[in-house]
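Okay, here's what each chain looks like letter by letter:
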Amino acid sequence: SSTASQTPAPASLPRILISDIQTTGGAGKTDNDFIKLYNLGDSAADIAGWQLKKRTQSGTESSIRVFPSGASIASRGYFVWANSENNFAASVVANVSSTAYLSDNYSIALFDSSGKIIDAVAWGSGHTNPFVEGSAYPANPAVNQILGRKIINAAMQDAQNNQEDFEIK
């Protein structure tokens, strides 16, 4: 039996970052969209009930996907959402999918199961109330380009500023 005076050590919160975003595969493939998440932690992260949301340039918010029971990201591993149209999600071996899509001048955020924003990224310009850390990355990724986190000294950059943390790859 435990006593009230014994407090368990707090579980370290998973450190999950949005690492890569693709918004278009080109003509006829505008729904070839994906978002990669990365677990910086030393143990697997349970992300069941977590959610990706997006906001359009004008600020309209909608859900991309709520992660199902059993969803997790291995330590130093990736978790991928992709658009499900035209078998794209299967072609990129996505962990989860939906018919949601991304576009120029959008922003996205990852929410934990209690509704707290864990990470956010905005790209392009002219946003109304975007999900963002610092300033938006100023450009939109072009066909088959990925807006990805910079890797500095073998580590993902996370200065809490989208303009400084991301680059077009």
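Okay, so let's go over this structure.

Some points on the nonpolar core
And step 1. I35, L37, F67, I108 and W123 are the most contacted members of the largest nonpolar core, which totals 26 residues.
And step 2. Elements that contribute at least two residues to this core include exactly β1 (16-22), β2 (34-39), β7 (78-83) and β9 (107-111).
And step 3. When residues in this core are grouped by element, the largest group, 3 residues, is from β1.
And step 4. Those residues in contact with I35, other than ones at most four positions away along the chain, are I18, D20, L52, I64, F79, V80, W81, L102 and I108.
And step 5. Membership of the second largest hydrophobic core comes to 5 residues, among which are F34, V80, A82 and A89.

Concerning the side chain of E133
And step 1. With respect to the helices and strands, E133 occurs in the loop between β10 (117-122) and β11 (147-149).
And step 2. No salt bridge is formed by the buried E133. Its closest oppositely charged neighbour is R149, at 4.8 Å.
And step 3. Excluding anything up to four places from it in sequence, E133 contacts I118, D119, A120, D158, Q160, N161 and N162.

Here's the deal with the packing of aromatic side chains
And step 1. Using the criterion set out here, one finds 3 aromatic pairs in the structure.
And step 2. Sitting over the face of the ring of F111, K53 holds its NZ or CZ atom 4.7 Å from the ring centroid.
And step 3. K54 extends its terminal NZ or CZ atom over the ring of Y101, reaching a point 4.0 Å from the ring centre.

With respect to the pairing of strand β4 (residues 51-55)
And step 1. Extensive coverage of β4 is indicated by the burial of 5 of its 5 residues.
And step 2. Here β4 pairs with strand β5 (residues 61-66) via 5 bridges, running antiparallel. By the bridge assignment, R55 is partnered in β5 with E61.
And step 3. Here β4 pairs with β9 via 5 bridges, running antiparallel. By the bridge assignment for β9, L52 is matched with L110.

Considering the sheet that holds β5
And step 1. Spatial strand order, β5-β4-β9-β10: 4 strands in an open sheet with antiparallel pairing. Where the open sheet ends on each side, the last strands, each with one partner, are β5 and β10. Within the sheet, the average angular offset between the axes of one strand and its neighbour, ignoring direction, is 20°.

Brief notes about the side chain of D112
And step 1. The residue D112 is located in the loop between β9 and β10 in this model.
And step 2. The buried charged residue D112 lacks any salt bridge, with K116 as its nearest oppositely charged partner at 5.5 Å.
And step 3. A polar contact is formed between the side chain of D112 and the side chain of S114, at a distance of 2.8 Å.
And step 4. Apart from residues lying up to four places away in sequence, D112 is in contact with G49, W50 and I118.

Structural notes on the sheet that holds β1
And step 1. Read across the sheet, 6 strands follow the order β8-β7-β2-β1-β11-β14 without closing on themselves; strand pairing throughout is mixed. What marks the edges here is a single partner per strand, and that holds for β8 (96-98) and β14 (166-168). Averaged over neighbouring strand pairs, the angle between their axes works out to 25° when direction is ignored.

Observations regarding the environment of A100
And step 1. Along the polypeptide, A100 turns up in the loop between β8 and β9.
And step 2. Separated by 58 residues in sequence, A100 and D158 have C-alpha atoms that sit 26 Å apart.
And step 3. Sequence-distant contacts of A100, that is, excluding residues within four places in its chain, are made with K54, S63, I64, W81 and N83.

Digging into the pattern of salt bridges
And step 1. Counting across every chain of the model gives 7 salt bridges.
And step 2. In this structure, R76 and D42 form a salt bridge, with 2.8 Å as the shortest nitrogen-oxygen distance. Taken together, the residues span a long stretch of sequence, with R76 in the loop between β6 (72-73) and β7 and D42 in the loop between β2 and β3 (45-46) at a distance of 34 residues.
And step 3. The partly exposed category is assigned to R76, whose relative accessible area is 45%.
And step 4. R149 is the salt-bridge partner of D158, the closest N and O atoms lying 3.7 Å from each other.
And step 5. One continuous salt-bridge network, built from bridges that share partners, spans R15, D119, R149, D158 and D165.

Thresholds, definitions, all that
Residues numbered from 1 in each chain as written. Predicted model: local features only at pLDDT ≥ 70, side-chain atom pairs only at ≥ 80, totals over all residues. Heavy atoms only, no water. Core = buried A, V, L, I, M, F, W, Y, C linked by side-chain atoms within 4.5 Å. Buried < 20%, exposed > 50% of the residue type's maximum accessible area, 1.4 Å probe, protein only. Helix = DSSP H or I, 4+ residues; strand = E, 2+ residues; numbered from the N terminus. Contact = heavy atoms within 4.5 Å. Lys, Arg positive; Asp, Glu negative; His and termini not counted. Salt bridge = Lys/Arg side-chain N within 4 Å of Asp/Glu carboxyl O. Phe/Tyr/Trp six-rings, centres within 6.5 Å; stacked < 30°, edge-to-face > 60°. Lys NZ or Arg CZ within 6 Å of the ring centre and 35° of its normal. Pairing = 2+ DSSP bridges. Axes fitted to C-alpha atoms, helices over the stretch in contact; angles between N-to-C directions. Polar contact = N/O pair within 3.5 Å; in protein donor to acceptor, adjacent residues only side chain to side chain.

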